[in-house]
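# A structural walkthrough
Listed here are the chains, written in short residue letters.
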Amino acid sequence: MAQDYNPQCSDCLCCSHPTVLIRNSPTVPEENNPNSYALNLTRFQTPSLSVSQQDCQTDSIYTSSSVSCVSEDLHDLKHTLLEIEKAMLGPDPDETANYPLADAGNKWMQMMEIVAGGLKQTLLACARAVADGDNDMTSLLMIELGQMVSVYGEPLQRLGAYMLEGLVARHASSGSFIYNSLKCKEPPPGSDLLSYMRIIYELCPYIKFAYLSANGTIMEAMRGENQIHIIDFQIAQGTQWMGLIQSLGALPGGPPHLKITGIDDPANAYARGGDLSIVGQRLSQIAESCKVPFDFHPVEVPACEVQIEHLGVKQGEAVAVNFILQLHHIPDESVDVVNHRDRILRMVKSLSPKVVTILEQESNTNTAPFFQRFAETLDYYNAMFESIDVTLPREHKDRTRVEQHCLAKEIVNVIACEGAERVERHEPFGKWRSRLGMAGFSPIPLSPTIHTSVRSLLLKYHRNYRCEERAGALFLGWKNRDLVVSSAWK
């Protein structure tokens with residue numbers, strides 16, 4: 001899911017690696033076609049039980065028997081007679097499973113039964129076949145799925161197109177080559193990518209919910225402080241802090257001094273159109289207009305490489321640390337023995353922050369086995385695609401591009417990649433609570449004022465969005481599916 005922009009989309013969307021031909025897709029010129037799949041179907045041949053194949057098999061048996069008949073060995077003669085009997089009468093039903101053609105026919109019938117159950121069942125069955133190493137069933141189901149999905153269709157059809165792409169990438173590659181097999185088109189220009197981020201920011205309440213709950217919590221925690229230092233582990237465009245600066249400028253008695261340390265991977269400069277100095281200039285202008293004393297400290301390194309000396313915390317500063325959809329990108333003990341995820345949390349705790357604000361996707365894909373991870377991703381992103389579907393018409397070109405450039409690469413990464421190359425490693429709130437507790441943090445319940453503000457925000461969106469407080473955190477979801485969780489810690 002994107003923030004101001006999605007760091008995982010900064011180098012392209014994996015939407016054009018060899019996968020599937022999509023049914024019912026309108027004719028679009030290749031350079032403008034957001035659905036430019038191209039599948040070589042020659043390696044996914046459909047089984048054919050032709051008479052000629054059976055005749056060839058029978059001919060081979062008769063040839064073998066004519067040679068064996070001259071044998072003086074009675075055992076060989078008996079065996080030959082049995083072979084002739086099988087050739088004339090057909091194999092014993094109990095032995096059918098041992099014949100390759102019969103096995104292919106059984107798989108074909110099994111595949112047809114699966115497909116009759118609909119797209120969701122077919123996607124899950126294909127993932128199971130990939131997990132089990134059943135190459136024949138995988139190939140059959142991929143062909144059928146290619147006719148069932150469409151980036152212009154219903155939410156599940158659109159999601160299915162990207163999940164199928166992930167399955168094909170996983171099936172065709174292995175180990176460290178998986179991510180490299182996702183051969184993508186050139187990414188959109190940075191200005192276009194920012195436009196897509198703004199569209200999803202307006203379409204869905206997830207990021208606004210994050211900013212509203214985090215900023216409200218920081219304002220409450222910093223009441224009465226004269227020196228505030230906010231450390232943002234993914235500052236992106238800095239959009240989150242514009243409203244907070246304005247709120248500080250309106251405080252009775254005058255604003256405090258504000259310092260923001262903005263962390264971001266240098267690779268994301270493409271989407272921003274330059275380095276972090278662009279963000280610093282923008283925020284400085286707003287602070288000046290609001291008469292807020294302001295300093296900006298850029299840190300252009302990946303979040304997992306941040307060390308305490310990068311942060312520039314000074315004595316007397318009241319520190320707030322902000323993680324918006326960032327912690328799940330930091331590798332943990334399942335990826336690297338260093339366990340940067342827990343290292344970063346312990347480092348932040350050593351700063352004695354007044355508050356740490358976190359927003360994470362409520363999904364369990366980090367250490368789950370492949371099939372369970374696939375099923376979880378299917379359920380999670382189906383709710384996400386449904387929530388987009390009620391806002392933009394299906395044929396709207398912006399909807400297609402938003403889904404491709406803001407969501408699809410996440411989906412492909414979860415399904416196709418392993419090891420360090422799988423950067424989308426979501427954990428549910430219960431696991432985050434355990435990690436934070438082991439790092440020495442305690443939860444801070446979000447105030448009733450924040451609850452009220454969030455409910456007012458959701459009134460502007462579809463009625464299927466819901467927000468609930470559980471275990472001191474706020475869960476925002478679509479229908480019965482939790483999608484993001486906002487929490488605060490000290």
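Residues numbered from 1 in each chain as written. Predicted model: local features only at pLDDT ≥ 70, side-chain atom pairs only at ≥ 80, totals over all residues. Heavy atoms only, no water.

### With respect to the nonpolar core
Grouped together as the largest cluster of nonpolar side chains are 93 residues, with contacts concentrated most on L167, I230, I245, L258, I260 and L283. When residues of this core are assigned to their parent elements, the largest contribution, 10 residues, is made by helix α15 (residues 370-389). Setting aside chain neighbours within four positions, we find L283 in contact with I235, G238, W241, M242, I245, I260, F294 and F296. (Core = buried A, V, L, I, M, F, W, Y, C linked by side-chain atoms within 4.5 Å. Buried < 20%, exposed > 50% of the residue type's maximum accessible area, 1.4 Å probe, protein only. Helix = DSSP H or I, 4+ residues; strand = E, 2+ residues; numbered from the N terminus. Contact = heavy atoms within 4.5 Å.)

### So, unusual backbone geometry
Backbone geometry at A236 places phi at a positive 55°, although glycine is not the residue there. As for its position among the elements, A236 is in the loop between β1 (227-232) and α10 (240-249). The buried category is assigned to A236, whose relative accessible area is 0%. Notably, N339 is not glycine yet its phi reads approximately 55°, a positive angle.

### What about the packing of helix α14 (residues 340-350) against helix α17 (residues 429-438)?
Relative orientation of the contacting elements α14 and α17 amounts to 55°, with a least axis distance of 9 Å. Judged by the inter-axis angle, α14 sits oblique to α17. Judged by the sense of rotation from one axis to the other, the crossing of α14 with α17 is right-handed. Counted together, R341, D342 and L345 of α14 and W432, R435 and L436 of α17 form the full contact between these two elements. Residues of the contact of α14 with α17, tallied by class, amount to three nonpolar, no polar and three charged. (Axes fitted to C-alpha atoms, helices over the stretch in contact; angles between N-to-C directions. Parallel < 35°, antiparallel > 145°, perpendicular 65-115°, else oblique. Left-handed = near helix turned anticlockwise from the far one by under 90°. Nonpolar A, V, L, I, M, F, W, Y, C, P; charged D, E, K, R; others polar.)

### Here's the deal with the sheet that holds strand β5 (residues 355-361)
Pairing within the open sheet is mixed, and its eight strands lie in the order β3-β2-β1-β4-β5-β8-β7-β6. Of all the strands in the sheet, just β3 (294-299) and β6 (465-470) have a single pairing partner and so form its edges. Across the sheet, the axes of successive neighbouring strands diverge by a mean angle of 15°, strand direction being ignored. Sheet analysis places strand β2 (residues 257-263) next to β3, joined by six bridges and oriented parallel. By the bridge assignment for β3, I260 is matched with F296. Against the sheet, α15 contacts β5, β6, β7 (473-478) and β8 (481-489), and its axis sits at roughly 95° relative to β8. (Pairing = 2+ DSSP bridges.)

### Focus on the confidence of the model for the protein chain
Looking at the protein chain, pLDDT values average 81 and 75% of them are 70 or higher. Below pLDDT 50 for its whole length, residues 84-91 participates in 10 contacts with residues either more than four positions away or in separate chains. Note on residues 178-186: pLDDT is under 50 here. Beyond four places in sequence and across chains, it has 28 contacts. (pLDDT = per-residue confidence, 0-100.)

### Comments concerning α14
Along α14, eight of the 11 residues are buried, which leaves the element largely enclosed by surrounding structure. For α14, the set of buried residues is H340, R341, D342, R343, I344, L345, M347 and V348. Looking at the buried residues of α14, the elements they touch are α13 (308-311), β4 (318-324), β5 and α17. Backbone geometry just downstream of α14 places S352 in the positive-phi region, at approximately 50°.

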